[in-house]
Structures are given as structure tokens and as C-alpha cells.
Amino acid sequence: DFYKCYKQIDKEADEIIEMIIFTPPQNNHFNFEKGCKRTHLDIASVNCAMLVSSENNIIENASIAAGGVGPIPLYLVASSNFLKGKEICLGLIKELLHKVNEEISPISDARGSEGYKRLLLAQLIKAHCIKLFPALPENEILFLS
């Protein structure tokens, strides 16, 4: 809700954000990925964060957020909700990739074309899954489409 629209935030000109405080969630696994064209460029073409809690190979809760794939940073509500209650497997990741692709609306700009940003976000989602679901075969995750 902090982002109203492109380059507009819910903050008055004279307001200053002094700090952001949050308590890291317990019993969750988190990963952040960022993709940019140049190694030393601080602005990402696309970035993505994923938080997952699971028990007995079933996802209890999930949150996915992405930047650079819409006019403002997005909390991927449908994709996050899709994961809840599902068994962790390669088929689930493949379905997730399609769900995420349907939920975003990137534009072509100086940081990359629409197609490039869609492909890059898919690769970042795969990187999350490799990190957060280590029991799955990495090489098979990489070649999902």
C-alpha cells in the first residue's frame, strides 16, 4: 500500500522515513534474488523475494514479491496463495512459473524488454526453489519451463 503508482509513494514531501523495523518470521525460509545487466549497477532489472514455511513437504504459507515486473513493486497474491497446502515437487514449481507469468505485467524499458523481464523473473523463481527446496534436483528445476 506504500506504493500508490509509478514513482508515487504514500509519503508527504516533508516526511522522512527514519527506520523500518520488522521481526523476522520464525520457522520460515527466505530468499532474495536480483538480476541486473551489469555487475556494478545497483538498480535491478528484476528482483524477487520468497518466504515459505512448510512441514512434511507441504507448504503451509508462502509470500512472493517482485520488482521490475509492473508499475510498482508487486506482492504476488495469486501466486502466493496458489502454493498454500501444496506438496513440494517439480510439478508444483512448473505450475508456479505459469501462475507468476500470468500475474505480472512488465513493460519494455531501458532495463530490458517485456520478454526478458518475464524470463528473468522465471529464473529468479527457479533460484528461490533451488535454495528453499534443497531436496529437489537442482538440474531438473533449472530446465523447467
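Note: the structure precedes this text.
A short tour of the structure in this document, coming up. On a predicted model such as this, the values are computed, not experimentally measured, just so you know.

## Things to note about the pairing of strand 4 (residues 46-55)
Right, so step 1: Looking at chain direction, strand 3 (residues 29-35) and strand 4 are connected through 7 bridges and run antiparallel. In the sheet register, Lys34 faces strand 4, and the bridge partner there is Asn47.
Right, so step 2: Pairing of strand 4 with strand 5 (residues 58-67) involves 9 bridges; the strand directions are antiparallel. From the neighbouring strand, Cys48 faces strand 5, where its bridge partner is Ala66.
Right, so step 3: Joining the antiparallel neighbours strand 4 and strand 5 is a turn of 2 residues, in which Asn56 adopts a positive phi near 55 degrees.

## Focus on the pairing of strand 5
Right, so step 1: Here strand 5 runs beside strand 6 (residues 74-75); their pairing, made up of 2 bridges, is antiparallel. Pairing of Ala65 across the sheet is with Tyr75, part of strand 6.
Right, so step 2: Hairpin connection from strand 5 to strand 6: 6 residues lie between these consecutive antiparallel strands, with Gly68 at a positive phi of about 85 degrees.

## Some details on the side chain of Ser53
Right, so step 1: If you trace the backbone, Ser53 turns up in strand 4.
Right, so step 2: Here Ser53 falls in the buried class, since its relative accessible area comes to 10%.
Right, so step 3: Not counting residues up to four positions away in its chain, the partners in contact with Ser53 are Asn27, Asn28, Ile58, Ile59, Glu60 and Asn61.

## What to know about the environment of Leu120
Right, so step 1: Along the chain, Leu120 turns up in helix 3 (residues 114-132).
Right, so step 2: Leu120 gets classed as buried once you look at its relative accessible area, which sits at 15%.
Right, so step 3: Through-space distance from the C-alpha of Leu120 to that of Ile17 is 31 Å; in sequence the pair is 103 residues apart.
Right, so step 4: What Leu120 contacts, discounting residues up to four positions off in sequence, is Gly35, Ser45 and Val46.

So, how was this worked out
- Residues numbered from 1 in each chain as written.
- Predicted model: local features only at pLDDT ≥ 70, side-chain atom pairs only at ≥ 80, totals over all residues.
- Heavy atoms only, no water.
- Pairing = 2+ DSSP bridges.
- Helix = DSSP H or I, 4+ residues; strand = E, 2+ residues; numbered from the N terminus.
- Buried < 20%, exposed > 50% of the residue type's maximum accessible area, 1.4 Å probe, protein only.
- Contact = heavy atoms within 4.5 Å.

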